[in-house]
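Architecture and fold: a report
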Amino acid sequence: MRASVREIFSSVQGEGPYVGIRQIFIRFDGCNLSCRYCDTAWSGAAGHCRVEAVPGRGHLLEVANPLSGQDLLGILQNRFNAGGHHSVSITGGEPLVHAEYLAGLLPAIRQMGLKVYLETNGTLYAQLGRVIGMVDTVAMDIKLPGTAGCGSLWEKHSHFLTIARQAQVFVKIVIDDQSDIGEFKRAVDLVCGLDPSITTVIQPVTKKGRCALSPERGLELQSMALKVLKDVRIIPQAHVMMSQR
Ligand code: SF4
């Protein structure tokens, strides 16, 4: 089995409660959604995967797509120092578009002594069920319809979070000053209905390096969520501020 991969590189995690940890990022091609604020065009598969020649140095080599699981493991083993990394971030796009491929790959990544950190838009719950036993941490989005522009995903998010709780999970809600408070509250209630102790991150939309969420609005939303949830944090995209990938 093969999959199209956009990039493999070493950097720091820039979002959520794990911000700052060193990871190997495997950025898969393709996404099942089309969010208004997405910074990548996902139509068409990339002809080449860009692989960092030396971890953290930014110089990229091109490897022809699609990659087999053995191709990908070979790149990890030969070019990246597993011991220097906290985990492998399986990201995209939406990596669960490649669930069957991941089911073959993730056990081998764990055998290298690396944890598996899955970044996902939180909608492909059947595919998550296929791999959840091989994942250590799930970083799950809840998409507000008015902010993401992807329509109503509430039911999918609810099924997804139910399964994701089999691993360590946190939820991320992307917000700007125009986000609908009623939709934010619905997202909070969705999390609360399953487990009020799930860490929930309010992530301001970042436009041209600046947060599109005023400090007052961010604190208002955090206070609202903390009435029912135990751990609510406002965390911007730190990698953007640091000019990291
Ligand atoms: S889910 Fe993520 S990758 Fe997919 S369109 Fe939305 S922001 Fe982009």
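1. A closer look at the pairing of strand β9 (residues 137-141)
- Among the five residues of β9, five are classified as buried, and the element is accordingly described as predominantly covered.
- Burial along β9 is two-sided: the face carrying Thr 137, Ala 139 and Asp 141 and the face carrying Val 138 and Met 140 are both buried.
- Inspection of the sheet shows strand β8 (residues 115-120) paired to β9 by four bridges, in the parallel sense. Bridged to Tyr 117 within β9 is Thr 137.
- In the classification by handedness, the crossover that spans β8, the intervening helix α3 (residues 125-131) and the parallel β9 is right-handed.
- Direction of pairing for β9 relative to strand β10 (residues 168-175): parallel, over a ladder of five bridges. By the bridge assignment, Met 140 is partnered in β10 with Val 171.

2. Notes on the sheet that holds β8
- With mixed pairing, the ten strands of this open sheet are ordered in space as β5-β4-β2-β3-β7-β8-β9-β10-β11-β14. The sheet is open, and its two borders are formed by β5 (60-64) and β14 (232-234), each paired with just one other strand. When the angles between neighbouring strand axes are averaged without regard to direction, this sheet yields 20°.
- Of the pairings in the sheet, the one linking β10 to strand β11 (residues 200-204) comprises five bridges and is parallel in character. Residue pairing in the sheet places Ile 175 in a bridge with Pro 204 of β11.
- The sheet contacts of helix α6 (residues 181-194) involve β10 and β11, and relative to β10 the element is tilted by about 175°.

3. Some details on the site of the ligand
- Near the ligand you find Cys 31, Leu 33, Ser 34, Cys 35, Cys 38, Trp 42, Gly 93, Asn 121 and Lys 143, and these make up its full shell.
- Split by residue class, the shell around the ligand holds five nonpolar, three polar and one charged.

4. Considering helix α7 (residues 215-226)
- The end-to-end C-alpha separation of α7 is 16 Å, in line with the 16 Å expected for twelve residues at 1.5 Å each.
- For α7, the full list of buried residues reads Arg 217, Gly 218, Leu 221, Gln 222 and Ala 225. Relative to the axis of α7, the buried residues are bounded by an arc of 135° and lie together on one face. Facing away from the buried surface of α7 by more than 90 degrees, the exposed residues are Pro 215, Glu 216 and Leu 219.
- At its buried positions, α7 is contacted by β10, α6, β11 and β14.

5. Quick look at unusual backbone geometry
- Cis geometry marks the peptide bond from Asn 65 to Pro 66, where omega comes out at -5°.
- Looking at where Pro 66 falls in the secondary structure, it is placed in the loop between β5 and β6 (67-68).
- Following Gly 92, the chain continues to Gly 93 via a peptide bond in cis, the omega torsion being 15°.

6. Observations concerning the nonpolar core
- Membership of the largest hydrophobic core comes to 60 residues, with the highest contact counts inside it found for Ile 8, Ile 26, Phe 28, Leu 72, Ile 90 and Ile 109.
- It is helix α2 (residues 99-111) that provides the largest number of residues to this core, a total of seven residues.
- Beyond its immediate stretch of four places on either side in the chain, Ile 90 contacts Ile 26, Phe 28, Pro 95, Leu 102, Leu 106, Ile 109, Val 116, Tyr 117, Leu 118 and Glu 119.
- Grouped together as the second largest cluster of nonpolar side chains are seven residues, Tyr 18, Tyr 117, Ala 139 and Phe 170 included.

Cut-offs applied
- As a convention, each chain's residues are numbered from 1 in the sequence order in which they are written.
- The predicted nature of this model means local features are confined to residues of pLDDT at least 70 and side-chain atom pairs, given and counted, to a pLDDT of 80 or more, with totals for whole chains, interfaces and linings taken over all residues.
- Water and hydrogen atoms were dropped before computing side-chain values, which therefore reflect all heavy atoms in the structure.
- In this scheme, a residue with accessible area under 20% of its type's maximum is buried, one over 50% is exposed, and one in between is partly exposed, where area comes from a 1.4 Å probe on protein chains only.
- Secondary structure elements follow DSSP: runs of H or I of four or more residues count as helices, runs of E of two or more count as strands, with numbering from the N terminus.
- When DSSP finds two or more bridges between two strands, those strands count as paired.
- We call a crossover right-handed when, viewed with the strands running away from us, the connection from the first strand over the helix to the second turns clockwise.
- Between the N-to-C directions of two axes lies an angle of 0 to 180 degrees, each axis being a line fitted to C-alpha atoms and, for a helix, fitted only over the stretch in contact.
- Only heavy atoms matter for contacts: two residues are in contact if any of them lie within 4.5 Å across the pair.
- Any residue with at least one heavy atom within 4 Å of a molecule or strand is counted as near it.
- Residue classes follow a fixed rule: Ala, Val, Leu, Ile, Met, Phe, Trp, Tyr, Cys and Pro count as nonpolar, while Asp, Glu, Lys and Arg count as charged, and any other residue, Gly among them, counts as polar.
- Take the residue count of a helix, subtract one, and multiply by 1.5 Å to get its expected span.
- To obtain the arc, one takes the directions from the helix axis to the C-beta atoms.
- We call a set of buried residues a nonpolar core when its members are Ala, Val, Leu, Ile, Met, Phe, Trp, Tyr or Cys and they connect through side-chain atoms within 4.5 Å of each other.

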